[in-house]
Amino acid sequence: MDVIVRPTPELHGEIGALSSKNYTTRYLLVAALSEGTSTIYHPAHSEDSDAIRRCIRDLGAELTEDDEKIVIKGFGRRPKDVKELNVGNAGAVLRFLMAVASLSPEVTFVNTYPDSLGKRPHDDLIDALGQLGVKVEHNEGRLPITIRGGNPKGGRITVSGAVSSQYLSALLFLTPLLEEDSEIIVLNDLKSKVVVGQTLEVLEQAGIVIHAADDYMSFKVPGGQSYEAKSYTVQGDYPGSAAVLAAAAVTKSDVKIHRLAENSRQGERAIIDVLRMMEAPLIHENGTVHVQGNGRLKAVEFDGDAATDAVLAMVAAAVFAEGTSRFYNVENLRYKECDRITDYLAELSKAGAKVEERRDEIIVHGRPEGVEGGVTINAHFDHRVIMALTVVGLRAAKPLLIKDAHHVAKSYPQYFDHLQALGADVEWVK
Ligand SMILES: O=C(O)C1=C[C@@H](OP(=O)(O)O)[C@@H](O)[C@H](O)C1
Ligand SMILES: C=C(OP(=O)(O)O)C(=O)O
């Protein structure tokens, strides 16, 4: 399914934010790793959250769901012996479950998105699991991957954080269940460090004790712990909402998004600060962000690693800002659903934006007068590319046709419905 995005000068209205992808993944996982019955209120509904529901069910969790909540009876440290798991295109789900799979005799993760998740590297996690005695068969660090676990005991593990924080998070979920204490040392750099904060927050809520160094470069994890069964409430999602906020900032708008907590640990909360730095008129109080856009924005410089999943939306806003913007420290955008530097900038350029790439930077020469549009966009299987190009299309002179825009459902299936509700001229076409 494709989407046509037509020029839309104004957006008005109110929406409730979608539920957080990262917290939904984590709460479903810790509920599955507990032996009791947990309740998760307002879980996300998307392809990625379906992927973790499906996989933990295959591993033996019992799930019952209604409109408001999901009730999960977990499998604790004893997942059911399952031959195959299909995580769809969900990177975090794959990495976290690769660690969990080491509690099973043999699990193969299949490759259903060869052009997206199938291209992403997992070597650093494979290496770390190897240190625990887990045997991993893989295709040069990529899917399909077979984990032969059995009985890892714990101990000292080193893991690189230079490509993704998900490898470290995966180990933090696994090691408390092991017999012996573990020490995890992060080598090289740690990218997306703020997301590790979300992992630690959820682990603490699940009754797990971890001693983390202040810089998150080393951890002491007591072994023999059990996950407690709890009730959790998923907060609103900043990465997805960042695209809607960027849309409001590049148009004349009066838009409110509810359910976005001011004190959230999501790094993508920085969309608020970045739009403020760009001088978008915006108020954030009592969990509601209110943008009264006038379409006029100033360029910005920003360390994108602090808000990895909102960078594409920020860049889309910068396309229309006065001056040159720079998003630095973003190399690991290259290892996501597509190469979010080369592939994304190619699509932005097609649409008429003036952008330049460096190995780890995105430079945007703003065009307050707008861009030409009138082209077909390749989504590169990437929900965040789709959302960001939609923002650009709203302020292009001629419509954009976004091919395969259904991949938006990876994290935000209702994105185009939300934009339509705000008055955006967007239409699904076959
Ligand atoms: O741990 C997580 O849930 C995530 C970590 C981030 O990935 P990296 O650590 O690879 O940057 C982020 O981009 C992804 O959407 C979700
Ligand atoms: C990179 C993302 O997800 P994941 O790594 O979980 O596939 C994302 O949601 O933008």
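Residues numbered from 1 in each chain as written. Chains lettered and ligands numbered in written order. Predicted model: local features only at pLDDT ≥ 70, side-chain atom pairs only at ≥ 80, totals over all residues. Heavy atoms only, no water.

The next thing to look at is the layout of surface pockets. Of the pockets and cavities examined, the largest pocket occupies roughly 170 Å³. Taken together, 14 residues line the largest pocket, and the ones lying closest to its centre are Asp115, Lys119, Glu337, Cys338 and Asp339. A breakdown of the residues in the lining of the largest pocket according to their chemical character gives four nonpolar, two polar and eight charged. Two domains each put at least three residues into the lining of the largest pocket: domain 1 (2-17 + 236-429) and domain 2 (21-223). (1 Å grid on protein atoms, 1.4 Å probe; cavity = no way out; pocket = protein on both sides within 12 Å on 5 of 7 lines; lining within 4 Å. Points joined across faces, edges and corners; volume = space filled by probe spheres on them. Nonpolar A, V, L, I, M, F, W, Y, C, P; charged D, E, K, R; others polar. Domains from an automatic or database assignment.)

Turning next to the domain arrangement of the chain. When its domains are assigned, the chain resolves into domain 1 (2-17 + 236-429) and domain 2 (21-223). Spacing between the C-alpha centres of domain 1 and domain 2 amounts to 29 Å. Counting from both sides, the interface comprises 21 residues of domain 1 and, opposite them, 26 residues of domain 2. Between domain 1 and domain 2, roughly 2,000 Å² of surface is buried when both sides are summed, and carbon and sulfur atoms account for 46% of that area. It is Arg265, Tyr335 and Lys410 that lose the most area in domain 1 upon contact with domain 2, and together they represent 34% of the buried surface on that side. The interface formed by domain 1 and domain 2 contains two salt bridges. One salt bridge in this structure joins aspartate 48 and lysine 410, with 2.7 Å as the shortest N-O distance. Here domain 1 is connected to domain 2 by eleven residue pairs in polar contact (both at pLDDT 80 or more). Here the side of domain 1 that touches domain 2 is built from residues that sort into five nonpolar, eight polar and eight charged. (Contact = heavy atoms within 4.5 Å. Buried area = accessible area lost by both parts, 1.4 Å probe. Salt bridge = Lys/Arg side-chain N within 4 Å of Asp/Glu carboxyl O. Polar contact = N/O pair within 3.5 Å; in protein donor to acceptor, adjacent residues only side chain to side chain.)

A few words now on the sheet that holds strand 16 (residues 282-285). Taken in spatial order, the four strands line up as 2-15-17-16 in an open sheet, and their pairing is mixed. Strands with a single pairing partner mark the edges of an open sheet, and in this sheet they are strand 2 (10-16) and strand 16. Pairwise comparison of adjacent strand axes, ignoring direction, gives a mean angle of 5° for this sheet. Along the sheet, helix 8 (residues 270-277) contacts strand 16 and strand 17 (288-291); its crossing angle with strand 16, the most-contacted strand, is approximately 150°. (Pairing = 2+ DSSP bridges. Helix = DSSP H or I, 4+ residues; strand = E, 2+ residues; numbered from the N terminus. Axes fitted to C-alpha atoms, helices over the stretch in contact; angles between N-to-C directions.)

As a matter of local geometry, ligand 2 sits amid 14 residues, with Lys21, Gly91, Arg120, Arg384 and Lys410 nearest to it. Measuring from an oxygen atom of ligand 2, one finds a backbone N or O atom of alanine 92 at 2.9 Å. A distance of 2.9 Å separates an oxygen atom of ligand 2 from a polar atom in the side chain of glutamine 166. Elements with a minimum of two residues in the shell around ligand 2: helix 3 (91-100) and helix 11 (383-394). In terms of residue class, the shell around ligand 2 is made up of two nonpolar, four polar and eight charged. (Near = heavy atom within 4 Å.)

Now for unusual backbone geometry. With an omega of -5°, the peptide bond running from leucine 143 to proline 144 counts as cis. Tracing the chain through its elements places proline 144 in strand 9 (residues 142-148). A positive phi angle, near 55°, is found at histidine 42, a position not held by glycine. One can find histidine 42 in the loop between strand 3 (37-41) and helix 2 (47-58). Overall, the relative accessible area of 36% leaves histidine 42 in the partly exposed class. Residues other than glycine seldom take positive phi values, yet glutamate 279 does so here, at roughly 70°. Following the sequence through the fold, glutamate 279 ends up in the loop between helix 8 and strand 16. (Buried < 20%, exposed > 50% of the residue type's maximum accessible area, 1.4 Å probe, protein only.)

Another aspect to go through is the nonpolar core. If you look at the biggest cluster of nonpolar residues, it comprises 81 residues, and the most contacted ones within it are Phe327, Tyr344, Leu348, Leu389 and Tyr415. Sort the elements by how many residues they give to this core and helix 7 (residues 238-250) lands first, with ten residues. Leaving out residues up to four positions away in the same chain, tyrosine 415 has contacts with Ala243, Val244, Met387, Thr390, Val391 and Val408. Among the nonpolar cores identified, the runner-up in size contains 75 residues, and Val82, Phe96, Val159 and Ile210 belong to it. (Core = buried A, V, L, I, M, F, W, Y, C linked by side-chain atoms within 4.5 Å.)

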